[in-house]
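Residue-level listing of the chains:
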Amino acid sequence: MVKEIKKLVIEAAYKAKHGHIPSALSIVEIIVAIDKVLGDDDKIVLSKGHGCLAYYSYLACKGLISKGEVKNFGKKGSKLGGHPDRNKLKEIYASTGSLGHGLPIALGASLARKIKQKPGVFYCIVGDGECNEGSIWESLQIAVNNNLNNLVCVIDNNNSQIRSLPTSNLHQKLKAFGLEVIEVDGHNIDELTEALNQKGDKPLAIVANTIKGKGIKEMEDNMFAWHHRAPTDEEYKSFIEELI
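These lines cover the structure that appears in this document, whether it is placed above or below. Since the model is a prediction, treat every value here as computed from it, not as a measurement. (Residues numbered from 1 in each chain as written. Predicted model: local features only at pLDDT ≥ 70, side-chain atom pairs only at ≥ 80, totals over all residues. Heavy atoms only, no water.)

## Re the overall build of the chain
- What the chain contains, in helices and strands, is 11 helices and five strands.
- Relative to a compact globule of 244 residues, whose C-alpha radius of gyration would be 18 Å, the chain shows 17 Å and is just as compact.
- A principal-axis box enclosing the C-alpha atoms of the chain has dimensions of 50 × 35 × 30 Å.
- Per-residue burial for the chain yields a buried fraction of 53% across its 244 residues.
- Sequence-distant contacts, at least 24 apart, represent 73% of the contacts inside the chain between residues at least 6 apart.
- Accessible surface, the chain as shown: approximately 10,800 Å² in total, 46% of it carbon and sulfur.
- Of the charged side chains in the chain, 31 are positive and 30 negative, and the gap between their average positions amounts to 6 Å. (Helix = DSSP H or I, 4+ residues; strand = E, 2+ residues; numbered from the N terminus. Rg over C-alpha atoms; globule rule 2.2 N^0.38 Å. Buried < 20%, exposed > 50% of the residue type's maximum accessible area, 1.4 Å probe, protein only. Contact = heavy atoms within 4.5 Å. Areas by Shrake-Rupley, 256 points an atom, 1.4 Å probe, with all protein chains shown as cover. Lys, Arg positive; Asp, Glu negative; His and termini not counted. Charge placed at Lys NZ, Arg CZ, Asp CG, Glu CD.)

So this is what it looks like as structure tokens:
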């Protein structure tokens, strides 16, 4: 599924002539691992909404939307825009894009479930740069104070902030806030799955160390040039071959 999702990400961005490819590629294994533990009452919230091509492609690979719909990404009349919109697709739990908003939404929903004594875990994927937002830490503080063990925050730690305000010592900071913290290789599905299954009495934070553009060597080595760039015809063919 990982390769299939990544190929669909590349194809959709190529056809649309835009899209955050590296940001999507860094979270593919995270999404696939969450899928392995996802229950009927559980929800995924993609707080780093610009990585949406990975989530759209995942939905297509699960048969929840068509691959043709993903390939129509970003075009007039498409339900799939540059950020997830819950009003256009029922499979999207929360509209996200403005960084720092997805986790507060997941927090409120998980708190409501706990108050109502209803089942369901909320898996919220946030970016490392997004962790510079105060709303992230406010949400985590509230989650710990309310013992929301039905909230899992997975941080896509792909070093996207190294040129501005680097996000450092995430493990220690999260631990200091009182969360259960596990650090893993964010491209190792077995490690991710094991960590996701470690839910206890506290909210769980998983620091997933990833590579922006994972799977495409040119993007891995030059992630900033590719942050919001579509491949040319030659690049597209080369990238697809690299993923086969």
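Now that the structure has been shown, we can carry on.
## Some words on the packing of helix H1 (residues 2–16) against helix H3 (residues 28–37)
- Put simply, H1 and H3 touch, their axes get as near as 10 Å, and they point 135 degrees apart. What the angle tells us is that H1 and H3 run oblique. The two elements H1 and H3 meet at a crossing, and its hand is right-handed. Residues Val2, Ile5 and Lys6 of H1 touch H3, and the partners they reach there are Val28, Glu29 and Val32. (Axes fitted to C-alpha atoms, helices over the stretch in contact; angles between N-to-C directions. Parallel < 35°, antiparallel > 145°, perpendicular 65-115°, else oblique. Left-handed = near helix turned anticlockwise from the far one by under 90°.)

## Here we look at helix H7 (residues 134–145)
- Between the first and last C-alpha of H7 there are 17 Å, a value that for 12 residues agrees with the 16 Å anticipated at 1.5 Å per step.
- Among all positions in H7, only Ile136, Trp137, Ser139, Leu140 and Ala143 are buried. On an axial view of H7, the arc spanned by its buried residues comes to 160 degrees, and they lie on one face. Facing away from the buried surface of H7 by more than 90 degrees, the exposed residues are Glu138, Gln141 and Asn145.
- Each element contacted by the buried residues of H7 is listed here: helix H6 (102–115), strand S2 (122–127), strand S3 (151–157) and helix H8 (170–176). (Expected span 1.5 Å × (residues − 1). Arc of directions from axis to C-beta.)

## Here we look at the side chain of Lys48
- Relative to the elements of secondary structure, Lys48 occurs in the loop between strand S1 (43–46) and helix H4 (52–61).
- Here the side chain of Lys48 touches Asp156 through a polar contact of 2.7 Å, side chain to side chain. (Polar contact = N/O pair within 3.5 Å; in protein donor to acceptor, adjacent residues only side chain to side chain.)

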